[in-house]
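Observations on chain architecture
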Amino acid sequence: MTPHKAKKKASLTPEQRQQNRELASTRRRVKHVIRCLKIFRVLKNIYYHRRRHFSLLIKV
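Residues numbered from 1 in each chain as written. Predicted model: local features only at pLDDT ≥ 70, side-chain atom pairs only at ≥ 80, totals over all residues. Heavy atoms only, no water.

Some thoughts on the side chain of Asn20
Looking at the secondary structure, you find Asn20 in helix H1 (residues 14-39). On the basis of relative accessibility, which here comes to 17%, the residue Asn20 falls in the buried class. With sequence-adjacent residues up to four places away left out, Asn20 is seen in contact with Pro3, His4 and Leu12. (Helix = DSSP H or I, 4+ residues; strand = E, 2+ residues; numbered from the N terminus. Buried < 20%, exposed > 50% of the residue type's maximum accessible area, 1.4 Å probe, protein only. Contact = heavy atoms within 4.5 Å.)

Some details on H1
With 26 residues, H1 should reach 38 Å at 1.5 Å per residue; the first-to-last C-alpha distance of 38 Å fits that figure. All buried positions along H1 are accounted for by Asn20, Leu23 and Ser25. (Expected span 1.5 Å × (residues − 1).)

Overview of the environment of Ala6
Examined against the element boundaries, Ala6 turns out to sit in the segment before H1. Each residue touching Ala6, except ones within four places of it in the same chain, is listed here: Ser11 and Leu12.

A short note on the confidence of the model for the protein chain
Overall, the predicted model of the protein chain reaches an average pLDDT of 84, with 87% of residues at or above 70. For the protein chain, the element scoring lowest by mean pLDDT is helix H2 (residues 41-44), at 70; H1 scores highest, at 91. (pLDDT = per-residue confidence, 0-100.)

Written out as structure tokens, the structure reads:
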């Protein structure tokens, strides 16, 4: 989803501003989760072992 953008001569309505804030809040949470996953060493590197063990490794 993309946020609402103001036109040159018209500003955003209060509803559009609220929607943009909600979208930014959701986006921030998602980016934090992605960041945590990237820090996790198993997900950062290429996994060469058996595929069926990967989900077990993630759960651990």
